[in-house]
Amino acid sequence: MPSKTGTPKMLTLPEVCEELHVSRSTFYDWRQKGRAPRCIKLLNGDLRVRRSDLDNWLNEHEDAA
């Protein structure tokens, strides 16, 4: 969902980890193995995840049980 400025909502790594109920180390492990949602690396080294990318990633990993 776009923010008030019209740009996509960006989540911090702690926000993503909290939502997924995983530790930061687990997220980095997934990232290293190419299993994490798409990330944007900022110039200061911080990671951000677009809300839409996280939602798409969750939909792709949904179990059809």
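Going along each chain's sequence as written, the residues are numbered from 1 onward. Local features are withheld for residues below a pLDDT of 70 in this predicted model, meaning they are given only at 70 or higher, and side-chain atom pairs are given and counted only at 80 or more; totals for whole chains, interfaces and linings count all residues. The side-chain values count all of the structure's non-hydrogen atoms but skip hydrogen atoms and water molecules.

1. With respect to the nonpolar core
Applied cut-off: Among the buried residues, those of types Ala, Val, Leu, Ile, Met, Phe, Trp, Tyr and Cys that are joined through side-chain atoms within 4.5 Å form a nonpolar core. Accessible area is worked out with a 1.4 Å probe on protein chains only. A residue is then buried under 20% of its type maximum, exposed over 50%, and partly exposed in between. The helix count covers DSSP runs of H or I at least four residues long, the strand count covers runs of E at least two residues long, and both are numbered beginning at the N terminus. Contacts between residues were defined by any pair of non-hydrogen atoms, one from each residue, lying within 4.5 Å.
In terms of nonpolar packing, the biggest core is built from 12 residues, these being Leu11, Leu13, Val16, Cys17, Leu20, Val22, Phe27, Ala36, Leu47, Val49, Leu54 and Trp57. Here the element with the most residues in this core is helix α1 (residues 13–20); it accounts for four residues. Those residues in contact with Trp57 that lie beyond four places of it in its chain are Leu20, Trp30, Arg35, Ala36 and Pro37.

2. Considering the environment of His61
What counts is decided by this rule: We call two N or O atoms a polar contact when they sit within 3.5 Å, provided that within protein one can donate a hydrogen and the other can accept it, with sequence-adjacent residues counted only if both atoms are side-chain atoms.
Along the chain, His61 falls in the segment after α3 (51–60). On the basis of relative accessibility, which here comes to 48%, the residue His61 falls in the partly exposed class. A distance of 2.7 Å separates the side chain of His61 from the backbone oxygen of Trp57, its partner in a polar contact.

3. Side note on the pattern of salt bridges
Any two side chains of opposite charge can pair if their charged atoms end up close together. For clarity, the cut-off: Should a side-chain nitrogen of Lys or Arg be within 4 Å of a carboxyl oxygen of Asp or Glu, the pair is scored as a salt bridge.
Applying the stated criterion across every chain yields a total of four salt bridges. Residue Arg50 is joined to Asp53 by a salt bridge in which the shortest nitrogen-to-oxygen separation is 3.4 Å. On the accessibility criterion, Arg50 (26% relative accessible area) is partly exposed. Residue Asp53 is classed as buried on the basis of its relative accessible area, which comes to 13%. For Arg51, the salt bridge goes to Asp55, with nearest N and O atoms at 2.9 Å. In this pair, Arg51 and Asp55 both sit in helix α3, four residues apart, roughly one turn of the helix. Judged by relative accessible area, which is 31%, Asp55 ranks as partly exposed. Residues participating in the shared-partner salt-bridge network are Glu19, Arg51 and Asp55.

4. Remarks on the sheet that holds strand β2 (residues 40–41)
Quick reminder of the rule: Two strands qualify as a pair provided DSSP detects at least 2 bridges between them.
Pairing is antiparallel in the open sheet, where three strands are placed in the order β1-β3-β2. The open sheet has two edge strands with one neighbour each: β1 (10–12) and β2. Bridging between β1 and strand β3 (residues 47–50) involves three bridges; their strand directions are antiparallel. Bridging from a neighbouring strand, Thr12 pairs with Arg48 of β3.

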